[in-house]
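Understanding the architecture of this molecule
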Amino acid sequence: MRAKVNGAERELSPGTSVGALVNEMAADAKAVAVAINRAVVPRKEWSAVQVQEGDDIEIIAPFHGG
Amino acid sequence: MSDTALRIGELELHSRVLLGSATYPSTQVMLDCLAASETEMVTVALRRVSPGAEGESLYGLLRAAGVHILPNTAGCYTAEDAVLTAQLGREAIGTALVKLEVIADDQTLLPDATGLLQAAEELVRDGFTVLPYTNDDPVLARKLEDIGCAAVMPLAAPIGSGLGVRNPHNLSLIKERADVPVIVDAGLGTASDVAIVFELGCDGVLLNSAVARAGDPVLMARAVRAAASAGRDAFRARRMSRKHHAEASTPAKGTPWR
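In short, a report on the structure. (Residues numbered from 1 in each chain as written. Chains lettered and ligands numbered in written order. Predicted model: local features only at pLDDT ≥ 70, side-chain atom pairs only at ≥ 80, totals over all residues.)

**Quick look at the overall build of chain B**
Selection criterion: Strands are runs of DSSP state E lasting at least 2 residues, helices are runs of H or I lasting at least 4, and numbering of each runs from the N terminus. Radius of gyration: over C-alpha atoms. The globule rule applied is 2.2 Å multiplied by the number of residues raised to the 0.38 power. Each residue is represented by a C-beta atom placed from its backbone, and any two residues with such atoms within 7 Å are regarded as in contact.
Helix and strand counts for chain B come out as 9 helices and 10 strands. Relative to the 2.2 N^0.38 estimate, which gives 18 Å for 258 residues, the radius of gyration of chain B is 20 Å and therefore close to what a compact globule would have. Over its C-alpha atoms, taken along the principal directions, chain B stretches across nearly 85 × 40 × 35 Å. Pairs at least 24 residues apart make up 64% of the contacts formed inside chain B by residues separated by at least 6 positions.

Spelled out as structure tokens, the structure:
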């Protein structure tokens, strides 16, 4: 299954949850947020929501900024 | 003598200096600058996580420092991107605060007025406490306030330029017509710029490069804190009126040989 994760095309196993993807991508998931196809996926839905073929996923966190 | 607090939405701040968290020589210098400036609110950006990143997260460090975190929408060139970034910030940090930036182009980094109004309107409707980074335009500032923004953040000069207050008259006009706090953001270069902002009656400053890119950032953070305090006191003291001609302060009466 192909999906885009933070701008990069990736092969993911079918049934991958958002939560699993976050755990793989972020060492510290404390202040992380996720959008799929430009809509925020609330943290409480991370374990239930599965990535779909062709999804465009952004996983972000606070970074140094002015 | 004691000053009132700076109110932003529900928050009461006793420091009128807000700091950015970017471009410090090191994380420790950033933390020392936060302490030296006595700031209570620090901006962050939202960026893609990078796998394998180590060390304490910025979020953890700022929480431990006890400051309020103000997520920005830096890097957004459309209202749509800014709204989505603000929503991600709320989800990530658990705050309704947002420093709203909708940037027009890379060269000027000036706000895109129409995109800014559109994004501000959507975010206010969505329950955000919106602090828009805006042009030093009294009309636009008023419109942002009318929409329901919790503060307005006019620029002193282009972002990162360090040019200081380019149009003090416009900042005065913005302050005169505003019922929400006016926090001058962007373009300040040194302590005297900060003092001028407060002498004009503005309510706060937000600095990043002026501190982070100083030769000694921690010393500059301390200078900024002192300048904010001096400028604010001078404003509250109500300065003397300006006069065209000289006026002796020593009395003429009793002068010998006259």
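Read on for the rest.
**A few points about the sheet that holds strand S6 (residues 97–100) of chain B**
All names here are of chain B. Note the threshold: Two strands are counted as paired when DSSP detects at least two bridges linking them. In this description, a line fitted to the C-alpha atoms serves as the axis of each element, helices being fitted only across the stretch in contact, and the angle between N-to-C directions of two axes falls anywhere from 0 to 180 degrees.
The strand order across the open sheet built from 3 strands is S6-S7-S8, with neighbouring strands paired in parallel fashion. Two strands lie at the open edges of the sheet, namely S6 and strand S8 (153–154), each paired on one side alone. Sheet topology note: the strand S7 (residues 129–134)/S8 ladder contains 2 bridges and is parallel. In the strand pairing of S8, Thr 134 is matched with Pro 154. Those strands touched by helix H4 (residues 113–125) are S6 and S7, and its axis lies near 170 degrees from that of S7.

**A closer look at the interface of chain A and chain B**
How we decide: Basically, the charged four are Asp, Glu, Lys and Arg, the nonpolar ten are Ala, Val, Leu, Ile, Met, Phe, Trp, Tyr, Cys and Pro, and anything else, Gly included, counts as polar.
Counting residues at the interface gives 23 residues for chain A and 28 residues for chain B. With 7 residues, strand S5 (residues 56–64) of chain A is the largest single contributor of residues to the side of chain A that touches chain B. Residue composition of the side of chain A that touches chain B, grouped by class: 14 nonpolar, 4 polar and 5 charged. As paired elements, S5 of chain A and strand S4 (residues 41–48) of chain B share 5 bridges and run antiparallel to each other. Bridge pairing links Phe 63 of chain A to Ala 45 of chain B in S4 of chain B.

**With respect to unusual backbone geometry**
Under the convention used in this document: Working definition of burial: number of other C-beta atoms within 10 Å of the residue's own, with buried at 20 or more, exposed at 12 or fewer, and partly exposed in between, all C-beta atoms being placed from the backbone.
Phi is positive for Arg 38 of chain A, which is not a glycine, with a value near 65 degrees. Note on placement: Arg 38 of chain A falls in the loop between strand S3 (33–36) and strand S4 (39–41). By C-beta crowding, Arg 38 of chain A is classed as exposed, having 11 other C-beta atoms within 10 Å. The backbone phi angle of Ala 186 of chain B is positive, close to 85 degrees, even though this residue is not glycine. Tracing the sequence through the fold places Ala 186 of chain B in the loop between strand S9 (183–185) and helix H7 (191–199).

**Observations concerning the environment of Leu 207 of chain B**
Of note, Leu 207 of chain B is situated in strand S10 (residues 204–207). In this structure, the C-alpha to C-alpha distance between Leu 207 of chain B and Asp 32 of chain B, residues 175 residues apart in sequence, is 15 Å.

**Notes on the pairing of S3 of chain A**
Judged from the 4 bridges that link them, S3 of chain A and S5 of chain A form a sheet pairing that is antiparallel. Considered in S5 of chain A, the bridge of Ala 35 of chain A is made with Glu 58 of chain A.

**Side note on the packing of helix H1 (residues 27–37) of chain B against helix H9 (residues 217–237) of chain B**
When two helices pack together, their arrangement is given by the angle between the helix axes and by the axis-to-axis distance. Residue and element names in this part refer to chain B. To keep it simple, the criterion reads: Oblique is the label for any angle not under 35 degrees, not over 145, and not in the 65 to 115 range, which are roughly parallel, roughly antiparallel and roughly perpendicular in turn. Helix crossings fall into two classes, left-handed where the near helix is turned counterclockwise from the far one by less than a right angle and right-handed where it is turned clockwise.
Where H1 contacts H9, the two axes come as close as 8 Å, and the packing angle between them is 20 degrees. Classified by the angle between their axes, H1 and H9 sit roughly parallel to one another. Classified by chirality, the crossing of H9 by H1 is right-handed. Judged by residue contacts, Val 29, Asp 32, Cys 33, Ala 36 and Ser 37 of H1 engage Pro 217, Val 218, Ala 221, Arg 222, Val 224 and Arg 225 from H9. Residues of the contact of H1 with H9, tallied by class, amount to 7 nonpolar, 1 polar and 3 charged.

**Concerning H9 of chain B**
Residues and elements named next belong to chain B. Stated precisely, the cut-off is as follows: The span you would expect from a helix comes to 1.5 Å times its residue count less one.
For H9, spanning 21 residues, the distance from its first C-alpha to its last is 30 Å, which sits close to the expected 30 Å at 1.5 Å a residue. If you check which residues of H9 are buried, you get Pro 217, Val 218, Met 220, Ala 221, Ala 223, Val 224, Ala 227, Ala 228, Gly 231 and Arg 232. If you follow the buried residues of H9, they end up packed against strand S3 (17–19), H1, H7, S10 and helix H8 (209–212).

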